[in-house]
Each structure stands twice: as structure tokens, then as C-alpha cells.
Amino acid sequence: MDLSRLSDDALVANIKALARQEREVLVKILHHLREIDRRRLHSKHKCPSLLEWAMTELKYSEPQALRRISAMRLMRELPAIEAKISSGELSLTNIVLAQATFSAEKREGRPFAVAEKVQLL
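About the cut-offs
Residues numbered from 1 in each chain as written. Predicted model: local features only at pLDDT ≥ 70, side-chain atom pairs only at ≥ 80, totals over all residues. Heavy atoms only, no water. Helix = DSSP H or I, 4+ residues; strand = E, 2+ residues; numbered from the N terminus. Rg over C-alpha atoms; globule rule 2.2 N^0.38 Å. Buried < 20%, exposed > 50% of the residue type's maximum accessible area, 1.4 Å probe, protein only. Areas by Shrake-Rupley, 256 points an atom, 1.4 Å probe, with all protein chains shown as cover. Phe/Tyr/Trp six-rings, centres within 6.5 Å; stacked < 30°, edge-to-face > 60°. Lys NZ or Arg CZ within 6 Å of the ring centre and 35° of its normal. Core = buried A, V, L, I, M, F, W, Y, C linked by side-chain atoms within 4.5 Å. Contact = heavy atoms within 4.5 Å. Axes fitted to C-alpha atoms, helices over the stretch in contact; angles between N-to-C directions. Parallel < 35°, antiparallel > 145°, perpendicular 65-115°, else oblique. Nonpolar A, V, L, I, M, F, W, Y, C, P; charged D, E, K, R; others polar. Expected span 1.5 Å × (residues − 1).

**Q** Residue-level account of the overall build of the protein, with values.
**A** Within the protein, the secondary structure is distributed over seven helices and zero strands. Its C-alpha radius of gyration of 17 Å places the protein more than 25% over the 14 Å reference for a compact globule of 121 residues. Expressed as lengths along the three principal axes of its C-alpha atoms, the size of the protein is roughly 55 × 40 × 20 Å. In the protein, which comprises 121 residues, the proportion classed as buried is 26%. Entry remark: accessible area of the protein is about 8300 Å², with carbon and sulfur atoms responsible for 54%.

**Q** How would you summarise the packing of aromatic side chains if you had to cite specific residues and measurements?
**A** Counted under the stated rule, the structure contains one aromatic pair. Above the ring of Tyr60, the side-chain terminus of Arg68 is found at 4.7 Å from the ring centroid. Over the aromatic face of Phe102 sits the side chain of Lys117, whose NZ or CZ is 5.1 Å from the ring centroid.

**Q** I'd like a description of the nonpolar core, backed by residues and values.
**A** Residues Ile81, Ile85 and Leu121 are the most contacted members of the largest nonpolar core, which totals 25 residues. Of all the secondary-structure elements, those providing two or more residues to this core are helix H1 (8–39), helix H3 (50–57), helix H4 (62–77), helix H5 (81–87) and helix H6 (92–107). Looking at this core element by element, the count peaks at six residues for H4. In this structure Ile85 touches Arg23, Leu26, Val27, Leu30, Met75, Leu90 and Ile95, once residues within four positions along its chain are discounted.

**Q** Talk me through the environment of Arg67; I want residue IDs and the actual numbers.
**A** Structurally, the position occupied by Arg67 is in helix H4. Residue classification places Arg67 among the partly exposed positions, given a relative accessible area of 28%. It is 9.9 Å that separates the C-alpha atoms of Arg67 and Gln99, two residues lying 32 residues apart in sequence. Contacts of Arg67, omitting those with residues within four sequence positions, involve Leu92 and Val96.

**Q** Describe the packing of H1 against H4, with residues and values.
**A** For the pair H1 and H4, the least separation of the axes is 9 Å and the interaxial angle reads 80 degrees. Accordingly, the angle class assigned to the pair H1 and H4 is roughly perpendicular. Where H1 approaches H4, its residues Leu26, Val27, Leu30, His31, Leu33, Arg34 and Asp37 are matched on the opposing element by Arg68, Ile69, Ala71, Met72, Arg73, Met75 and Arg76. For the contact of H1 with H4, the class distribution of residues is eight nonpolar, one polar and five charged.

**Q** I'd like a rundown of H1, residues and numbers included.
**A** The first and last C-alpha atoms of H1 sit 47 Å apart over 32 residues, in line with the 46 Å expected at 1.5 Å per residue. When we look at burial in H1, the residues that qualify are Leu26, Val27, Leu30, Leu33, Ile36 and Asp37. Among the structural elements, helix H2 (41–44), H3, H4, H5 and H6 are those in contact with the buried residues of H1. One or two residues past the end of H1 sits Arg40, with phi positive at roughly 55 degrees.

Shape is all these values report; function is a separate question.
Printed below as a string of C-alpha cells:
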């Protein structure tokens, strides 16, 4: 792909469009993972877990698969974050960090309420 012929404005416009598409595709992937998890399709493919399935079938590394599964689970719990993911306001990294905080607080006996999670995010 020869991008050297594009004007500066066209190059910037193209990458902005690609970043938007990437976020939209991410949301679609999270929806698909949620349905695959709901149907437990990983078992049909002889994988012991959704994580293993994502690594085997989708060729994600373990950290990549974990981030997406974590995001899918949080989006399942808090559907309102879908728009924030699509807009770029919320990234996979931020979701994983938030999930770690939510889990740690829950282990300590101080679980976040849904409204608190939404506010934090």
C-alpha cells in the first residue's frame, strides 16, 4: 500500500476513518463473543474455555483474548458502555483496569454497585 501519494489531509482523514471502523468492529466482536459464550460454543469446538477458544480459533494471544473477554463481560453487565467503546471514549485497556478494580473491591467485600461502575467508566 503506497500512502506516500496521499495529501496530508487525506492521510489524516483516512486514519481517522480507520480508527472509527476499528472501534465499530471491536463492538461487533464483543457482541459475537457474548453470543458464543452464551451458547457455550467453545465446548462444541473441544475447548475448555472461551479464552482457549479465542486463542485457538481467533488466533488472539492470551492478553488479547483476555482483554476482549473482559470487555465483553463488562459490556454484558453495563450495556451503556457500548457507546463509549464505539466513540473511543473507553478503550480495552481502561475496561481491563476497571474490571481489575471491580474484582479487587468485590474480593475485599466492597463491591461496586452498577451505578458506581457506570460513573467510574
